[in-house]
Amino acid sequence: MSTPDSVRAARLPSPRIRVSIVVSRLYPVTGLESVTLSLVRAIAPTHDVRIIVLADETSDVVAHPDVEVESWGPKVVKWKRLWTIPRAFRHRRQLDGSVIILSGAWAAIPMLLALPRRLCRHTLVWEHSLDNHQININKRLKILRAVARPLYSRARATVAVSESLRSDMHAAGFRDPIEMIPNIVREFKARDTDDVVPGRLLTVGSLSKVKNQELALRALALLPDRFSLDVLGDGAERPRLEALAAELGIADRVHFHGYVADPARHFARAQIVVHPSHSETYGLVMFEAAQCNKPVVAANKGVMAEVIPRLAPGAVAEPRPEDFAAAILSLDQNPVSEHEFAQAAQRRAAMSTNIIDDWNRLIASAAQS
């Protein structure tokens, strides 16, 4: 599912179409922001692309000379994002003449409330999060899904990032058409494999209950002292996780780095990537780890069990500290071979073949409707 950001320009269609991609924010660059930026870079060579930031200031993370970025208002978070609804009404006519891509529910809901029907016909919803596992954990997402269900039907089509997510949306009553298009995974610059630190574990993600870094800490506490853990990401759970590390007696073996814009160096140093998340709709970190030839240990459920080891070499385990620790020790003693990484890379490449063609087909269809 990884596709270079310089993707196959020769196959992209003409003439150029004006595409407006609406996001809630662009920074910090976590999963949703990362895949949005990758899509922008992929379609910018043949379309006139602009990014509209609905609930934050603009950012310099786009770094593309031909892509416009504009903000419709200052940063708002949590339920204060309801203020984006009047912003959407105030600026909606600026989207005339565009194909509109709404990235994520926090962008899609206010825009679909505001857009007139004639513009909805040119609108694609790009959904990343509303799967059953996350809904069960996060009550706020449960409310969002209930609001999104009737609104998404106003758009020309919805794009889900995995078959699992599409299946959950169908079961929840979302109407067709729901297309499935995998994400484009950003590429990291190659790093020398001599950077690997034996016993160094890595976990990447926002510090939240869904990402469940507590499991990684408790597994580390069961491992020999030669194992350590780099924690990349920030969030509301950080104070509790730092206190837990001290309580478990592993504070000197855990390094909290906060948000890291370019995690390539940390991937290079890691021996194994630990992904303890309760739920994923795509699992971007697993694909980034596979690109860096790092095995992954993740929970044996949902998307994680679909991705590992077929697309990202490693092991799945029951989400218990003793099972995660056992899986880590097994990979330590029986490393994944270069052949296994190469086979997984071939499978990812085969699945990514039509990503840009599928997006261009939908963009062209929305433009003509």
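Preceding this paragraph is the structure being described.
Rules and cut-offs
- Position numbers for residues start from 1 in each chain and track the written sequence from start to end.
- The predicted nature of this model means local features are confined to residues of pLDDT at least 70 and side-chain atom pairs, given and counted, to a pLDDT of 80 or more, with totals for whole chains, interfaces and linings taken over all residues.
- Only heavy atoms go into the side-chain values, all of them from the structure, while hydrogens and water stay out.
- Helix numbering and strand numbering both begin at the N terminus, where a helix is a DSSP run of H or I of at least 4 residues and a strand a DSSP run of E of at least 2.
- For this analysis, residues touch if any pair of their heavy atoms sits within 4.5 Å.
- As used here, the term nonpolar core means buried Ala, Val, Leu, Ile, Met, Phe, Trp, Tyr and Cys residues forming a set that is joined through side-chain atoms within 4.5 Å.
- Relative accessible area decides the class of each residue, using a 1.4 Å probe on protein chains only: under 20% of the type maximum gives buried, over 50% gives exposed, and in between gives partly exposed.
- Under this definition, polar contacts are N or O atom pairs within 3.5 Å; protein pairs additionally need one hydrogen-donor-capable and one acceptor-capable atom, and for neighbouring residues in sequence, both atoms have to be side-chain atoms.
- Working rule for helices: expected span equals 1.5 Å times residues minus one.
- Between any two strands, pairing holds if DSSP finds at least two bridges.
- Lining residues are defined by having an atom within 4 Å of a point belonging to a cavity or pocket. Those points lie on a 1 Å grid over the protein atoms alone, cavities being sets where a 1.4 Å probe fits but cannot get out and pockets being open sets with protein on both sides within 12 Å along at least five of seven lines.
- Grid points are joined across faces, edges and corners, and a volume is the space filled by probe spheres set on the points.
- Note on residue categories: nonpolar means Ala, Val, Leu, Ile, Met, Phe, Trp, Tyr, Cys or Pro, charged means Asp, Glu, Lys or Arg, and polar means any other residue, Gly included.

**Student:** Describe the side chain of Arg200, listing the residues and the values that go with them.
**Tutor:** As for its position among the elements, Arg200 is in strand β8 (residues 200–204). Those residues in contact with Arg200 that lie beyond four places of it in its chain are Ser228, Asp230, Arg269, Ala270, Gln271 and Ile272.

**Student:** Describe the nonpolar core, listing the residues and the values that go with them.
**Tutor:** Core analysis: the largest hydrophobic core is formed by 93 residues, its most contacted members being Met111, Leu112, Leu124, Tyr152, Met286 and Trp359. Take this core: its biggest share by element is eight residues, from helix α3 (residues 105–114). Residues in contact with Met286, not counting those within four places in the same chain, are His275, Val296, Ala298, Val303, Met304, Val307, Ile308 and Ala312. Core analysis: the next-biggest nonpolar cluster, separate from the first, contains 28 residues, Ala219, Leu223, Val297 and Ala317 among them.

**Student:** Could you give an account of the environment of Arg253, naming the residues involved and the relevant values?
**Tutor:** Secondary-structure assignment places Arg253 in the loop between α9 (238–247) and β10 (254–258). Placed 50 residues apart in sequence, Arg253 and Thr203 show a C-alpha to C-alpha distance of 13 Å. For Arg253, the residues in contact, after removing those within four places along its chain, are Leu220, Leu223, Pro224, Asp225, Phe227, Ser228 and Leu229. A polar contact is formed between the side chain of Arg253 and the backbone oxygen of Phe227, at a distance of 2.9 Å.

**Student:** Quick one: what's the story with helix α1 (residues 31–43), residue by residue and with numbers?
**Tutor:** Along its 13 residues, α1 runs 19 Å from first to last C-alpha, staying within 8% of the 18 Å computed at 1.5 Å per residue. Counting buried residues along α1, 10 of its 13 residues qualify, which places the element largely inside the surrounding structure. Glu33, Ser34, Val35, Thr36, Leu37, Ser38, Leu39, Val40, Ala42 and Ile43 are the residues of α1 that are buried.

**Student:** Hey, could you go over the side chain of Ser24 for me, with residue numbers and the actual values?
**Tutor:** Along the chain, Ser24 turns up in the loop between β1 (18–23) and α1. For Ser24, the contacting residues outside a window of four places in its chain are Val53, Leu54, Ala55, Asp56, Arg81, Trp106 and Ala107.

**Student:** Describe in detail the environment of Tyr282, supporting the description with residues and values.
**Tutor:** Summarising the element assignment, Tyr282 is placed in the loop between β11 (272–275) and α11 (284–291). Considering only alpha carbons, one finds Tyr282 and Arg145, 137 residues apart in sequence, at a separation of 18 Å. Separated by 3.2 Å, the side chain of Tyr282 and the backbone oxygen of Asn183 make a polar contact.

**Student:** Let's hear about the pairing of β11: which residues, and what values?
**Tutor:** The alternating pattern of β11 places Ile272 and Val274 and Val273 and His275 on opposite faces, both of which are buried. Relative to β11, β8 runs parallel, the two being bridged by two bridges. Note on β11: the bridge partner recorded for Leu202 is Val273. Bridge analysis of β11 against strand β12 (residues 296–299) gives three bridges, and the strand direction is parallel. Counted as the bridge partner of Val273 is Val296 from β12.

**Student:** Lay out empty space enclosed by the protein in plain terms, naming residues and giving numbers.
**Tutor:** In total, this model carries one cavity of 30 Å³ or more according to the counting rule given. Looking at the largest cavity, its volume works out to about 40 Å³. Looking at the largest cavity, the residues that line it are Asp131, His133, Ser164, His278, Ser279, Glu280, Lys301, Gly302, Val303 and Met304. A total of three residues in the lining of the largest cavity trace back to one element, the largest contributor, which is helix α12 (residues 302–307). Of the residues in the lining of the largest cavity, the class split is two nonpolar, five polar and three charged.

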